Amino acid sequence: MSESAAACPLPSKRDSAGACVPCESLDPSSLMSSVDLSAAVSTECPLWTIKTSSDGVNKLSRSYVAKNFVSAMKSLNDCGEICEALGHHADLHLTSYRNVEIVVYTHSVKGVTRNDVELCKKLDGEVKVAYSPKWLKENPAAVGTEVPKPLPKEE
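The name given to the chain in an unreviewed UniProt entry is 4a-hydroxytetrahydrobiopterin dehydratase, and the organism recorded there is Triparma verrucosa. Recorded in UniProt for the chain, the comment headed Catalytic activity (unreviewed entry) runs: "(4aS,6R)-4a-hydroxy-L-erythro-5,6,7,8-tetrahydrobiopterin = (6R)-L-erythro-6,7-dihydrobiopterin + H2O". We quote the UniProt Sequence similarities (unreviewed entry) comment for the chain here in full: "Belongs to the pterin-4-alpha-carbinolamine dehydratase family."

**Side note on the overall build of the chain**
A count of helical and extended segments in the chain gives 5 helices and 4 strands. Order of helices (α) and strands (β) in the chain, N terminus to C terminus: α-α-β-β-α-β-β-α-α. The buried share among the 155 residues of the chain stands at 39%. Looking at the chain alone, contacts between residues at least 24 apart form 56% of all its contacts between residues at least 6 apart. Accessible area for the chain stands at about 9000 Å²; split by element, carbon and sulfur atoms hold 56% of it.

**Examining the sheet that holds strand β2 (residues 58-65)**
Read across the sheet, 4 strands follow the order β1-β2-β4-β3 without closing on themselves; strand pairing throughout is antiparallel. With partners counted over all chains shown, the strands left at the sheet margins are β1 (49-52) and β3 (91-95), one partner each. This sheet shows a mean twist of 30° between the axes of neighbouring strands, independent of strand direction. Relative to β2, β1 runs antiparallel, the two being bridged by 4 bridges. Bridged to Lys-51 within β2 is Lys-59.

**Observations concerning the side chain of His-88**
On the secondary structure map, His-88 appears in the loop between α3 (69-86) and β3. Taking relative accessible area as the criterion, His-88 reaches 4% and is therefore assigned buried. A distance of 2.6 Å separates the side chain of His-88 from the side chain of Asp-116, its partner in a polar contact.

**Regarding the state of the cysteines**
Disulfides are covalent bonds that connect the sulfur atoms of two cysteines. Per the counting criterion, the structure on display carries 0 disulfides. Note on Cys-45: no disulfide assigned, nearest cysteine sulfur contributed by Cys-120 at a separation of 4.9 Å. Judged by its relative accessible area of 0%, Cys-45 is buried.

**With respect to the nonpolar core**
Of all hydrophobic cores here, the largest spans 35 residues; its most connected members are Trp-48, Leu-60, Ile-102, Val-104 and Leu-123. Elements with a minimum of two residues in this core: α2 (34-44), β2, α3, β4 (99-104), α4 (114-126) and α5 (133-138). Here this core gets 6 residues from one element, more than from any other, and that element is α3. Not counting residues within four places of it along the chain, the set of residues in contact with Leu-60 comprises Leu-37, Val-41, Trp-48, Thr-49, Ile-50, Ile-102, Val-103, Val-104, Val-112, Asp-116, Val-117 and Cys-120.

Cut-off values and rules
- Residues numbered from 1 in each chain as written.
- Predicted model: local features only at pLDDT ≥ 70, side-chain atom pairs only at ≥ 80, totals over all residues.
- Heavy atoms only, no water.
- UniProt positions renumbered as here; feature names shortened; annotations may be inferred.
- Helix = DSSP H or I, 4+ residues; strand = E, 2+ residues; numbered from the N terminus.
- Buried < 20%, exposed > 50% of the residue type's maximum accessible area, 1.4 Å probe, protein only.
- Contact = heavy atoms within 4.5 Å.
- Areas by Shrake-Rupley, 256 points an atom, 1.4 Å probe, with all protein chains shown as cover.
- Pairing = 2+ DSSP bridges.
- Axes fitted to C-alpha atoms, helices over the stretch in contact; angles between N-to-C directions.
- Polar contact = N/O pair within 3.5 Å; in protein donor to acceptor, adjacent residues only side chain to side chain.
- Disulfide = S-S within 2.5 Å.
- Core = buried A, V, L, I, M, F, W, Y, C linked by side-chain atoms within 4.5 Å.

So this is what it looks like as structure tokens:
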């Protein structure tokens, strides 16, 4: 396996020879069909939704309410570090000091590719969020992606 393939953390970014395929080199043929995209979201990244912009571009979106501003910023910074390491950058939004939205799509082909689904899975698996307790109660699918509660101190 080449050095670039070993450095490529997203399995879908590798070509048949194992070389890393940057998102910039993808073309519109790499866009996921609506059927495949819906299936991937429902089975692989259920916290995400498919949004279609006014110009017809499909995007993956995940929104949540953090416990407070510091928790929101920590989750965004953690997302940013992962995106930077992968060279695949999400659009990150913070409103009303703790409402977070993460939007993922491949900008170069104007839509969702397999790389985007893999990024969403990685973000879900690695970014732990201190959610608003009310939001978490209303969104039980997010249980398991939150910051673990500290164990009680032994005396």
